[in-house]
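Breakdown of the fold
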Amino acid sequence: MMQLKKLNDKSIDQLFESILTLKSVEECYVFFDDLCTVNEMESLAQRLEVARMLRKGATYNQIEAETGASTATISRVKRCLNYGNDGYKMALERIGK
C-alpha cells in the first residue's frame, strides 16, 4: 500500500478507510456533511474542477472566471498535476472526466 510519509498516521488511515466504505454519492453527502463544513467541501470540489479544467487546457483566466478559484489555488493544483503523485489524474480518469 502506497503511503506518503507526511500522511502516515493512524487517524488519517481511519479517515481514508471510512471513505472507502461509502457506497453511493448519497452516502458521501451524509458522511461529508458531518465531517466537513460547506466551505471545506466546496474548496475540495473546486480544486478537483480546477484540475479537470487544467487537464483540458483551460487558461488561468477561464478557470478563475468559471470556478472563482484564486490564481494561488490554480497554481497549487497545476503544481500537483505536474509534480505530484498523479492523484488528480487517477481520480478524473476513473470518473471519465
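Quick note: structure is the one above.
Below or above, wherever it landed, is the structure these notes cover. Starting afresh in each chain, residues are numbered from 1 along the sequence in its written order. Given that the model is predicted, a residue must reach a pLDDT of at least 70 before its local features are reported, and side-chain atom pairs must reach 80 or more before they are shown or counted; all residues, however, enter totals for whole chains, interfaces and linings. As a rule here, side-chain values cover all heavy atoms of the structure and leave hydrogens and water aside.

**Description of the overall build of the protein chain**
- Scanning the protein chain from N- to C-terminus turns up six helices and zero strands.
- Working definition: helices are DSSP H or I runs of at least four residues, strands are E runs of at least two. Numbering for both runs from the N terminus. Along the protein chain, helices and strands appear, N-terminal first, in the series α-α-α-α-α-α.
- Seen through its C-alpha atoms, the protein chain measures out along the principal axes to roughly 40 × 30 × 25 Å.
- Accessibility here uses a 1.4 Å probe with only protein chains present; expressed as a share of the type maximum, an area under 20% marks a residue as buried, one over 50% as exposed, and anything in between as partly exposed. Split into buried and exposed, the 97 residues of the protein chain put 15% on the buried side.
- Note on contacts: a residue pair qualifies if any of its non-hydrogen atoms lie within 4.5 Å across the two residues. For the protein chain, the share of sequence-separated contacts (at least 6 apart) that also reach a separation of at least 24 residues comes to 37%.
- Accessible area for the protein chain stands at about 7,600 Å²; split by element, carbon and sulfur atoms hold 53% of it.
- None of His or the chain ends enter the tally, which takes Lys and Arg as positive and Asp and Glu as negative. For charged residues, the charge sits on one atom: NZ in Lys, CZ in Arg, CG in Asp, CD in Glu. A gap of 10 Å separates the mean positions of the 14 positive and 14 negative side-chain charges of the protein chain. Only the protein chains shown count as covering a residue, and every accessible area follows the Shrake-Rupley method with a 1.4 Å probe.

**A closer look at the environment of Asn39**
- Mapped onto the elements of the fold, Asn39 is located in helix H3 (residues 38-55).
- On the accessibility criterion, Asn39 (60% relative accessible area) is exposed.
- On a C-alpha basis, the gap between Asn39 and Arg94 in space is 25 Å, while along the polypeptide they are 55 residues apart.

**Digging into the packing of aromatic side chains**
- When two rings of Phe, Tyr or Trp (its six-membered ring) have centres within 6.5 Å they constitute a pair, described as stacked for plane angles under 30 degrees, edge-to-face for angles over 60, and tilted for the intermediate range. Within this structure, the stated rule accounts for one aromatic pair.
- Seen from their ring centres, Phe31 and Phe32 are 5.5 Å apart, and the 85° between their planes marks the pair as edge-to-face.
- The buried category is assigned to Phe32, whose relative accessible area is 19%.

**Some thoughts on the nonpolar core**
- We call a set of buried residues a nonpolar core when its members are Ala, Val, Leu, Ile, Met, Phe, Trp, Tyr or Cys and they connect through side-chain atoms within 4.5 Å of each other. Val50, Ala51, Met53, Leu54, Ala58, Ile63, Ala69, Ile74, Val77, Leu81, Tyr88 and Leu92 form the largest nonpolar core, which has 12 residues in total.
- In contact with Leu54, not counting residues within four places along its chain, are Tyr60, Ile63, Ile74, Val77, Lys78 and Leu81.

**Topic: the packing of H3 against helix H5 (residues 71-83)**
- All axes are obtained by fitting lines to C-alpha atoms, using only the stretch in contact for helices, and the reported angles, taken between N-to-C directions, cover 0 to 180 degrees. Remark: H3 packs on H5, axes separated minimally by 9 Å, with the N-to-C direction vectors making an angle of 65°. By crossing handedness, the relation of H3 to H5 is classed as right-handed. Residues Gln46, Arg47, Val50, Ala51, Leu54 and Arg55 of H3 form the contact with H5, whose own contacting residues are Thr73, Ile74, Val77, Lys78 and Leu81.
- A breakdown of the residues in the contact of H3 with H5 according to their chemical character gives six nonpolar, two polar and three charged. Crossing handedness is defined as follows: a turn of the near helix away from the far one that is anticlockwise and smaller than a right angle gives a left-handed crossing, while the clockwise case is right-handed. Just so you know the grouping, Ala, Val, Leu, Ile, Met, Phe, Trp, Tyr, Cys and Pro go in nonpolar, Asp, Glu, Lys and Arg go in charged, and all remaining residues, Gly too, go in polar.

**With respect to the pattern of salt bridges**
- Counted as salt bridges are all cases of a side-chain nitrogen of Lys or Arg within 4 Å of a carboxyl oxygen of Asp or Glu. Under the criterion given, the structure shown has two salt bridges.
- For Arg52, the salt bridge identified is with Glu49, shortest N-O distance 2.6 Å. In this pair, Arg52 and Glu49 are both assigned in helix H3, three residues apart and thus about one turn of the helix distant.
- Under the relative-accessibility criterion, Arg52 is labelled partly exposed at 22%.
- The shortest N-O distance in the salt bridge between Arg55 and Glu93 comes to 3.8 Å. Separated by 38 residues along the polypeptide, Arg55 in helix H3 and Glu93 in helix H6 (residues 87-94) bring together distant segments of the chain.
- Note on Arg55: relative accessible area 38%, which makes it partly exposed.

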